[in-house]
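In case you want the letters, here they are:
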Amino acid sequence: MCGIVGVIGRQDATQVLLGGLEKLEYRGYDSAGLYVNDQHGHDHLIRRVGRISALEAAVMPDIQGVMGIGHTRWATNGRPTEANAHPQVSSDERFYLVHNGVITNAQALADRFLQNVTLASDTDTEVLVQLVAVFARQGLDTPAAFKKALSLCEGSYACCLVDRLDPLHLYAAKAKSPLLIGQGDGFYVVASDALAMLDRTDQFLELEDGEVVTLTADSCRIETLAGQVQHRTPITVALDAADLDLGPYPYYMLKEIDEQPAVLRRLVSRYVEADSRIAVDPALLTALAAADRLYIVAAGTSYHAGLVGKPLFEQLAQVPTEVHLASEFGYHQPLLAEKPFFIFLSQSGETADSRQVLVNVKRQGFPSLTITNVATSTLAREADFALDLCAGPEIAVASTKAYTAQIAVEALLAQALGQQRGVPAAQAFDVAHQLSLAATAQEAILAEKPTVHALAGELFGDTRDAFFIGRGADYAVSLEAALKLKEISYVQAEGFAAGELKHGTIALITQGTPVVAFITDPATAAHTRSNAQEVEARGGRVLRIAAASLATPDDELVVQDVPSLLTPLVTIVVGQLLAYFTSLDRGYDVDRPRNLAKSVTVE
Ligand code: M6R
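Predicted model only: the values in this text are computed from it and were never measured. (Residues numbered from 1 in each chain as written. Predicted model: local features only at pLDDT ≥ 70, side-chain atom pairs only at ≥ 80, totals over all residues. Heavy atoms only, no water.)

**Quick look at helix H8 (residues 282–289)**
Buried within H8 we find Leu284, Leu285 and Leu288. Down the axis of H8, the buried set is contained in an arc of 95°. They therefore lie on one face. For H8, the secondary structure elements touched by its buried residues are strand S16 (293–298), strand S18 (340–346), strand S19 (368–372), strand S20 (385–388) and helix H13 (401–421). Sitting at the head of H8, aspartate 281 places a side-chain oxygen 2.9 Å from the backbone nitrogen of alanine 283. (Buried < 20%, exposed > 50% of the residue type's maximum accessible area, 1.4 Å probe, protein only. Helix = DSSP H or I, 4+ residues; strand = E, 2+ residues; numbered from the N terminus. Arc of directions from axis to C-beta. Contact = heavy atoms within 4.5 Å. Polar contact = N/O pair within 3.5 Å; in protein donor to acceptor, adjacent residues only side chain to side chain.)

**What about the packing of helix H7 (residues 260–271) against helix H15 (residues 431–446)?**
Contact geometry of H7 with H15 gives a least axis separation of 8 Å together with a crossing angle of 170°. Judged on the interaxial angle alone, H15 and H7 are roughly antiparallel. Where H7 approaches H15, its residues Gln260, Pro261, Leu264, Arg265 and Val268 are matched on the opposing element by Ala432, Leu435, Ala438, Ala439, Thr440, Gln442, Glu443 and Leu446. Classifying every residue of the contact of H7 with H15 by side-chain character gives 8 nonpolar, 3 polar and 2 charged. (Axes fitted to C-alpha atoms, helices over the stretch in contact; angles between N-to-C directions. Parallel < 35°, antiparallel > 145°, perpendicular 65-115°, else oblique. Nonpolar A, V, L, I, M, F, W, Y, C, P; charged D, E, K, R; others polar.)

**Considerations on the site of the ligand**
Around the ligand, a shell composed of 14 residues is seen, among which Ser302, Ser346, Ser348, Thr351 and Glu487 lie nearest. Threonine 301 is positioned with one of its backbone polar atoms (N or O) 3.0 Å from an oxygen atom of the ligand. Serine 346 places a polar side-chain atom, nitrogen or oxygen, 2.6 Å from an oxygen atom of the ligand. When isolated, the ligand has an accessible area of 410 Å², and the protein chains bury 90% of it. If you list the elements that add at least two residues to the shell around the ligand, you get helix H9 (300–316) and helix H17 (473–489). Sort the elements by how many residues they give to the shell around the ligand and H9 lands first, with 3 residues. Residues that form the shell around the ligand fall into these classes: 4 nonpolar, 8 polar and 2 charged. (Near = heavy atom within 4 Å. Areas by Shrake-Rupley, 256 points an atom, 1.4 Å probe, with all protein chains shown as cover.)

**Let's talk about the layout of surface pockets**
Once rolled over the atoms, a probe with the size of a water molecule shows which space is left empty. Estimated volume of the largest pocket: approximately 590 Å³. Around the largest pocket, the lining comprises 35 residues; the ones closest to its centre are Leu239, Asn373, Val374, Ala375 and Thr376. Approximately 440 Å³ is the volume found for the second largest pocket. Lining the second largest pocket are 21 residues, with Gly300, Thr301, Ala597, Lys598 and Val600 sitting closest to its centre. (1 Å grid on protein atoms, 1.4 Å probe; cavity = no way out; pocket = protein on both sides within 12 Å on 5 of 7 lines; lining within 4 Å. Points joined across faces, edges and corners; volume = space filled by probe spheres on them.)

**A look at the packing of H9 against H13**
Where H9 contacts H13, the two axes come as close as 9 Å, and the packing angle between them is 20°. On the basis of the axis angle, H9 is roughly parallel to H13. Every pair of crossing elements has a handedness; the one defined by H9 and H13 is right-handed. Two secondary-structure elements touch here, H9 through Thr301, Ser302, His304, Ala305, Gly306, Val308, Gly309, Leu312, Phe313 and Leu316 and H13 through Tyr403, Gln406, Ile407, Glu410, Ala411, Leu413, Ala414, Gln415 and Gly418. For the contact of H9 with H13, the residue count by class is 10 nonpolar, 8 polar and 1 charged. (Left-handed = near helix turned anticlockwise from the far one by under 90°.)

**Considerations on the sheet that holds strand S1 (residues 3–8)**
The strands that make up a sheet are held in pairs by hydrogen bonds between backbone atoms, and each pair lies either parallel or antiparallel. Taken in spatial order, the 8 strands make up an open sheet running S3-S2-S4-S1-S10-S9-S11-S15, and their pairing is antiparallel. At either end of the open sheet lies a strand with only one pairing partner, and these are strand S3 (43–49) and strand S15 (235–236). Here strand S11 (residues 203–206) pairs with S15 via 2 bridges, running antiparallel. The residue of S15 that forms the bridge with phenylalanine 204 is isoleucine 235. Against the sheet, helix H1 (residues 13–24) contacts S1, strand S2 (31–37), strand S4 (67–73) and strand S10 (188–191), and its axis sits at roughly 160° relative to S1. (Pairing = 2+ DSSP bridges.)

**Observations regarding unusual backbone geometry**
The linkage connecting histidine 86 with the following residue, proline 87, adopts the cis geometry, with an omega of 5°. Of note, proline 87 is situated in the loop between S4 and strand S5 (88–89). The phi angle at serine 276 is positive, at roughly 75°, despite the residue not being glycine. Along the chain, serine 276 turns up in the loop between H7 and H8. With phi around 55°, cysteine 390 is a residue other than glycine that occupies positive phi space. Within the fold, cysteine 390 resides in the loop between S20 and H13.

**Comments concerning the packing of aromatic side chains**
By the definition in use, this model includes 12 aromatic pairs. Considering the side-chain rings of tyrosine 35 and tyrosine 96, the 4.0 Å spacing of their centres and the 25° angle between planes classify their relative orientation as stacked. Here tyrosine 96 lies in strand S6 (residues 95–100) and tyrosine 35 lies in strand S2, a separation of 61 residues in the sequence. Judged on exposure class, the residue tyrosine 35 and its partner tyrosine 96 are both buried. Taken together, a centroid distance of 5.7 Å and an interplanar angle of 80° make the contact between phenylalanine 329 and phenylalanine 342 edge-to-face. Of this pair, phenylalanine 329 sits in helix H10 (residues 326–329) while phenylalanine 342 sits in strand S18, placing them 13 residues apart in sequence. Three or more aromatic residues joined by ring pairs form one cluster here, namely Tyr295, Phe329, Phe342, Phe344 and Phe366. (Phe/Tyr/Trp six-rings, centres within 6.5 Å; stacked < 30°, edge-to-face > 60°.)

Purely geometric stuff here, so don't read any function into it on its own.
So this is what it looks like as structure tokens:
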């Protein structure tokens, strides 16, 4: 999704902005731009379609500034063109604005206030900056004009505004979309993501919805739209900028796949006490234990991790658990149990669909937990409780280590809850030991990369379609493996319940159709094998991936045994590598697949 950066008080503002934009590249974008002002009467606006490198190439050495704003745009309103790129500028060229989010009543605002303004773009952002200019022309000072314009907006925004007549001030505001203010020695920065400015400062001020900020080089004033001044203490963002280094890797996705065993071990040492008890907030366990049903709400890969979590909570904690797509739950809330507890799974902690549900369930008074990789994120802040995935920054758009970390945290929490409720299955399940086994099993697969690469080439080299099948946890992992292949190699892939194939979808199997079968559950292995044979009888090419204790000579990949509740931690590594090598061999940008964004902050 779009990314915002801003800075005031740095002689090297252009470089600060470009560096920040580069670090936001991973979020996904299709155009970029910046505006800088040297506070001595010189300013520049540059926008380009495509990569940041195109923008950098257009920034001549003499384009310097002390303050400015920058943006990566992931098109929502209007195509990715230079005219639609940000910063958007008012017709009188006084105001420059970068914006994330969607102003849903932009057309109505334009009809009401901008009849005499010719819009130069198709964006809702331009409507906002033109409104500021209109209200300024009516006599309001810039902060008042900005606040008046924002108070009319419906939808979501994080934005940063410059008044070129007053380059000693920089303005920012937020509603629903993320935005942080970074505090440095004699300067301030603005960013939609701390990663963007981590090499400049680790001190950040979190903004609440409906707040407006006025920055100078050495002051920061936060107030509500109604003008009430707010006091905020900076938080330290404890991230190592070195985590962002690619090191010897060609792509972040491969680095992040390789990091998974270390993440599992880190989670064990973070959450498991010497006496094997799970170290989570007792108040969280009390709130969970009071619930008669858990509702896991998530999107995309996080939703798939939720599917793996359901049997963990049901078997280890004996609590009925439902898993819901956030985008569906938000507007079609099912009939709830008497005492629901909501668990939000989100790598970024910023997914707008999930946040919409969180806001609703909070309004209804239900307790909530966010499990996220970004401790400072909106979902982490707004839920009653938060648990950290401890996975380190995930930069590749395709989520890998966050998925396995989510499953591991669900397992840890399910065991903690089971212990709290005195469930025998939880007492017997040594989650720390099982996660350690899973880490070792992951390493064994990672050592097989050349084999997986060759299989990826043979199965998916030039295919248009593919299927992943399995039952139970193997079905859940099929969904995730198919999503990985779709996202980065653009193969039409489907994850399917193995037993359901024969009820219609098997009609799509023709000579050579690649089908990956996951076989890790003793209870269903024979059935899945039959389903694989049904595919082969129709010409399909089946790759069988089996657990060691169930393996037969037909199985081309064998993974080490772990309890069937946790097999996705291991089998998905094969799915991730198959997708990675397919994308690589097809010559795609593995980390930045087309049309996708890392942090999906619009509904
Ligand atoms: O940040 P979140 O986990 O809430 O994101 C949810 C999805 O947008 C995300 O998992 C998406 O499906 C990824 N591209 C998957 O690789």
